[in-house]
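Letter by letter, the chains look like this.
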Amino acid sequence: MLGADSILAEVGPAGSDVTEVSATAKSFDKSPTPPPTVLRRPAPVVPQDLDDAMIISRRQGESEMISDVIGGSRPVLNSSELSCLLNDTFWREDNFNAESCAESLISALDTKGAKLIADHVKQRVQHYGICVLGLSGGRSPIPAYEKLAEDKDIDWKRVKVFLVDERYVVASEKDSNQRAIIEALISHIPIPPENFIRPNCDVPLNASVSVYNSQIRDLINNVDSDAWVTVMGIGPDGHTASLFPPYDEPEDTLDVIHTNTDVFAITRRITLSLHALEHSGQHIFILTDAGVLDTAYKVDRSPAVPLLDAPGTVVICMEKEK
Ligand SMILES: O=C(O)[C@H](O)[C@@H](O)[C@H](O)[C@H](O)COP(=O)(O)O
């Protein structure tokens, strides 16, 4: 059994925030472009409030309790992530509370995600007077958006928020990405309505794609890449945004396109194309299922890979460094 000291040595100082995950953030001075960043797996998550409970135990009973708790609150977590958690999760054998332990771990990830987004947005606003912030849907980033809404230091008048992709359902449906993002973030922040740019799914699909394409084109034409920050996710099949592998982008593709999937419930999607996503100078991936990283690199032509490999990309998820 490892002692608390050796565990701390392995994971960093007590009280540290979730360990910074990967790539170097792009600098804002105009120094030469840094070399392509090698994606590194994030180091273990060590929630601050568990620092005093770092006695390790790996009894099967506790594993199942954590699995139940995490599985209940965040169903995307899989067994690979769970085993990472168990390897890096510490508790007092006589006073173990699986629920608060799991919640702290998850909360640390969400806080880290929110802080990263907030820091990048503030930097852009400060340096460029504007930030274009792309937000993905899906489940993983939503709690980070909720925490982002609590940050009172962001000048939202200077931020243009757009949707990376949308499921083609009316905005009142539970599967709507814009509904989730409005509920988690937009309805809680002082952002002018015209600064929230998203597809209108109440009109025919082609019309929706066409209008959204013009809006995104307008942003691309008018706002420098360096002022863009885009939050991404990766699906269990290695897709990102609503670009599904194997993905080849035709050269003449527009900035916003319509895609189809037969893997997921909502089949019709509206999404930024890869080249439009590549316009963003900064990508932040928020993943609760670390296994999707492996999937993205293994599947044939995952559109996530060029963005993961882009200079400055940051990935946060609960996975130990290998
Ligand atoms: O509309 C969507 O579903 C997304 O924008 C999509 O690209 C998402 O980011 C991934 O599927 C990951 O989803 P989870 O966060 O739910 O794992």
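Residues numbered from 1 in each chain as written. Predicted model: local features only at pLDDT ≥ 70, side-chain atom pairs only at ≥ 80, totals over all residues. Heavy atoms only, no water.

Under an unreviewed UniProt entry, the chain has the name 6-phosphogluconolactonase and belongs to Carpediemonas membranifera. Under the heading Pathway (unreviewed entry), UniProt records this for the chain: "Carbohydrate degradation; pentose phosphate pathway; D-ribulose 5-phosphate from D-glucose 6-phosphate (oxidative stage): step 2/3." In UniProt, the chain has this text filed under Sequence similarities (unreviewed entry): "Belongs to the glucosamine/galactosamine-6-phosphate isomerase family. 6-phosphogluconolactonase subfamily." (UniProt positions renumbered as here; feature names shortened; annotations may be inferred.)

Moving on, we come to the overall build of the chain. Scanning the chain for helices and strands turns up 10 helices and 9 strands. A total of 322 residues make up the chain; the buried ones form 54% of that total. Within the structure as shown, the chain displays about 14,400 Å² of accessible surface, and the carbon and sulfur contribution to it stands at 51%. (Helix = DSSP H or I, 4+ residues; strand = E, 2+ residues; numbered from the N terminus. Buried < 20%, exposed > 50% of the residue type's maximum accessible area, 1.4 Å probe, protein only. Areas by Shrake-Rupley, 256 points an atom, 1.4 Å probe, with all protein chains shown as cover.)

Attention shifts here to the sheet that holds strand 5 (residues 228–232). Across the sheet, 6 strands lie side by side as 4-2-1-5-8-9; this open sheet has parallel pairing. Either end of the sheet is taken by a strand with one partner, and the two such strands are strand 4 (196–197) and strand 9 (314–316). Both strand 1 (residues 131–135) and strand 5 contribute to a ladder of 3 bridges, which runs parallel. Across the sheet, the residue bridging to glycine 134 is threonine 230, located in strand 5. Here helix 7 (residues 205–222) sits on the sheet and contacts strand 1, strand 2 (159–163), strand 4 and strand 5; the angle it forms with strand 2, its principal contact strand, is near 140°. (Pairing = 2+ DSSP bridges. Contact = heavy atoms within 4.5 Å. Axes fitted to C-alpha atoms, helices over the stretch in contact; angles between N-to-C directions.)

Considering every residue of the chain, the mean pLDDT works out to 74; 64% of them sit at 70 or more. Confidence drops under pLDDT 50 across residues 1–98; counting only partners more than four residues distant or on other chains, this segment forms 172 contacts. Taken as a whole, residues 318–322 scores under 50 in pLDDT and shows 27 contacts with residues more than four places along the chain or in a different chain. (pLDDT = per-residue confidence, 0-100.)

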